[in-house]
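So you can see what is in the structure, the chains are spelled out below.
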Amino acid sequence: MSGGSVEEISEDMDRKIEQAVCVEDIMSSSSVGMSDLSDEILLCILRHVPVCDLLMNVAKVCHKLHTLCHDKTLLAHVRLSEEYLADDLLVRHLLKQLANHVLSLSLNGCYWLSGSTMELLARCRGVTHLDVTGCRITSLRLSRLLSSLSLLRSLAFDVMPGFNSAQLSSKAVDSLSRLSELRQTLLTPSYGVVPCCAQLRKLMLQFDIPDVTREGVGVCCQLMVGQSSVPHYQQLEEFTARLAPGEVNQTLLLLYLAVFSVHVPKRLRVFLVSIPGPNPAHWPAAPSLAQSLGLHGDLEALQLPRSWLDSLSLKRALEGNSPKHLSFSRCPALWPQVFQSLLDGGVRDCTQLTSLNLSGINQVLYSECRSLDDQLVPETVNQLAVSCSNIKHLNLMHTHYHHENSPGLSGETHLCASLAKFQHLHSLTLPVCALSDGLNSHQISTNNTPSGLFLGLKKVPRVGLQNYKPDSDASLSRDSTSGLSQLLAGCHVLQTLELIGPGFVSVLPRLEPCSRASVEPRGMCPWARGVGDSHLAALEALPRLHRLTLAGLPGVLRGTGLVQLTRQCRDLQILSLANIGSLKVMNYTSALLETLKQCTQLQELRLEQPYLNANASFFEALSCCSRLQRLCLVSRSGTFDPSAAETFMERCRHVVMCHMFMGGTLVACGTLQKTLVDRFSAARPALSVVIYPLHHEDLPSVIREIPLTLLDRVTLFQSHVAQPPHLSPL
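Note that the structure is a prediction, hence the values are computed from the model and not measured.

(A) How the structure looks around empty space enclosed by the protein. This model, assessed by the stated rule, comprises five cavities of 30 Å³ or more. Considering only enclosed or pocket space, the second largest cavity measures out at about 120 Å³ in volume. Lining the second largest cavity we find 14 residues, and of these Arg547, Ser576, Arg606, Arg713 and His720 sit closest to its centre. Of all the secondary-structure elements, those providing two or more residues to the lining of the second largest cavity are strand E15 (547-553), strand E16 (574-580), strand E17 (604-608) and helix H26 (708-715). Per-class residue counts for the lining of the second largest cavity are six nonpolar, four polar and four charged.

(B) Spotlight on the pairing of E17. When you tally the buried positions in E17, you get five out of five residues, the bulk of the element. On E17, burial covers both faces: Glu604, Arg606 and Glu608 on one face and Leu605 and Leu607 on the other are all buried. As judged from the five bridges shared by E16 and E17, these two strands associate in the parallel manner. Across the sheet, Leu575 pairs through a bridge with Leu605, a residue of E17. What joins E16 to E17 is helix H21 (residues 589-598), and the crossover it makes is right-handed. Bridge count for E17 against strand E19 (residues 630-634) is five bridges, and the pairing is parallel. The residue bridging Glu604 from the neighbouring strand is Arg630, located in E19.

(C) Representation of the pattern of salt bridges. Summed over the entire model, instances satisfying the criterion amount to 18 salt bridges. A salt bridge links Arg679 to Glu650; its shortest N-O distance comes to 3.1 Å. Residue Arg679 is located in helix H24 (residues 666-680), and its partner Glu650 is located in helix H23 (residues 642-651); the two are separated by 29 residues in the primary sequence. With a relative accessible area of 39%, Glu650 lands in the partly exposed category.

(D) Region of the structure containing the environment of Ala290. With respect to the helices and strands, Ala290 occurs in helix H12 (residues 286-293). For Ala290, the contacting residues outside a window of four places in its chain are Leu309, Ser313, Arg316 and Ala317.

What counts, and at which threshold
Residues numbered from 1 in each chain as written. Predicted model: local features only at pLDDT ≥ 70, side-chain atom pairs only at ≥ 80, totals over all residues. Heavy atoms only, no water. 1 Å grid on protein atoms, 1.4 Å probe; cavity = no way out; pocket = protein on both sides within 12 Å on 5 of 7 lines; lining within 4 Å. Points joined across faces, edges and corners; volume = space filled by probe spheres on them. Helix = DSSP H or I, 4+ residues; strand = E, 2+ residues; numbered from the N terminus. Nonpolar A, V, L, I, M, F, W, Y, C, P; charged D, E, K, R; others polar. Buried < 20%, exposed > 50% of the residue type's maximum accessible area, 1.4 Å probe, protein only. Pairing = 2+ DSSP bridges. Right-handed = clockwise from strand over helix to strand, strands pointing away. Salt bridge = Lys/Arg side-chain N within 4 Å of Asp/Glu carboxyl O. Contact = heavy atoms within 4.5 Å.

Pasting the structure below:
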């Protein structure tokens, strides 16, 4: 933040104070300014100012603010994770001022900072919580840090290739022995520092090891088997692990879990393991672990891969407990037991549940037909809403609901009416077909008529392509969005909404190739074609919407609903659009440009469309998003205008991530990438520019070089709702 913007904030605060704080009998006299406020009120205001601005700008305004900005309550907990303009020099200066005050320090995702800057963290000797995930931390550097931070109780870092725990000094090992929380992102097969942490209560692991090195050599975990120091987890209360695809990651996980086969910690109350793909490695000890988790009545969170649990084990794990987070993603065999436990007293207190992931739970993979029993039932969801009344995060991706096929209550109740009873929902993921009021509520293109392979669906009559005009919403039948309207009326506090077509697969998914195995091979659900522009326009009823994902919506014709939506949802900060409308031609370009011009608060945009034309008009509209920080464009046959892209980067000075995977030659992509890096990297230390042909065979190795923080957050497509606590994408 510049000094001028600080003055603008001060003037804005003065204006608001003048309106709200003036005493009635002196309203005609002078107003109250910031300098007239008490220290307590000013501290409350300054708590919302990022620490960089606090120390480098606000503290220079006057002597009073200088004193308050150095108050220990403002400097005790510092997060630099998204201070993208903070270069090494600035961070070193900040660390010098923070050294005697900071207790909790996060540089999570600060991939641009040098190793020498990381060394200066040793000055902050009072730190008890340190997060340097994504930073350049070698085993020797970690050793020096830990030797100085004797009060450290919580640590998060990356285990990089070449990490060697034997290089840790005795002082470092001593500090590790006192840790109660550890988060390791494993980029190479290793136990990391886990064997040194005898007092761990919380262990969070992320496995992101490729099966093959850059040189094409296979990676294996055989060296780990012979290690004498293995984890014991005597005091462990929480265990969380999230895996990227690959056999190495699964093998390594089983090594970490080996001790659980012998002894399950008595205090264990959180066990979350997420393994992508339809066939996770088998772990024989899973049923006994589930039984142990249910013994003490204090289970808080549970997620196990689909092959690890059977109905009896799940029943024993949940019985008599009151969990807060449950995930049964891609576990169709557990469908009956999940609802029996949640609805029929199998859980002691369902009102404690705040996060529920049922993604793909009713999906019969690769089946030739689908029965009514394999769909979401409104009455069941209605009972779930009544029993689990405090759910804030609900994920129903890769499920199905077909309104015409649903018996419901008296044959009329829509699934959305049942979902509307989750009145505390903050984030929701739904299959697109769940919004449709029926297969025939909209006309359907003859080119997209579903075949007889679809789940016993009756054939749809052949009809012509509807002629949709920008102002034709009123011509749609009044009840075409009646189900969605009920949902929006009940869930008015939604901040995150993801609408994803059941057959949608991104060209760049986070869990490739596993996500393809989780999607039906028969293609897009025909009910999704009944969701169009009028449904998008109806989303304007969500004024608090901050994050919106729309993927796999073939029924959108012109995109006019997007324009109406963004006109009302002025606080939209994160927008992800993928495969909207026809895949043969991009038919909502005009609406997209108008939409972008209205997204003045947008910070992150991910756009995936086969025929995207990123020309001068596109980048000019995108330039209206003055607060944009992260941009990802994915288009297998897309084109781009290099000069327009350069002008856009010049106008939008906050952009620190520009990833474009499109058509074009390797030379054209490389030239633009070099131009942007050479011109803007000096002023933007965190700048990440990747421009590469989507069809090129070397793309996987290029993606592997992108900082994991950016991959998880933007570049690779994934759901962000009801993910395991602590390991949800940053």
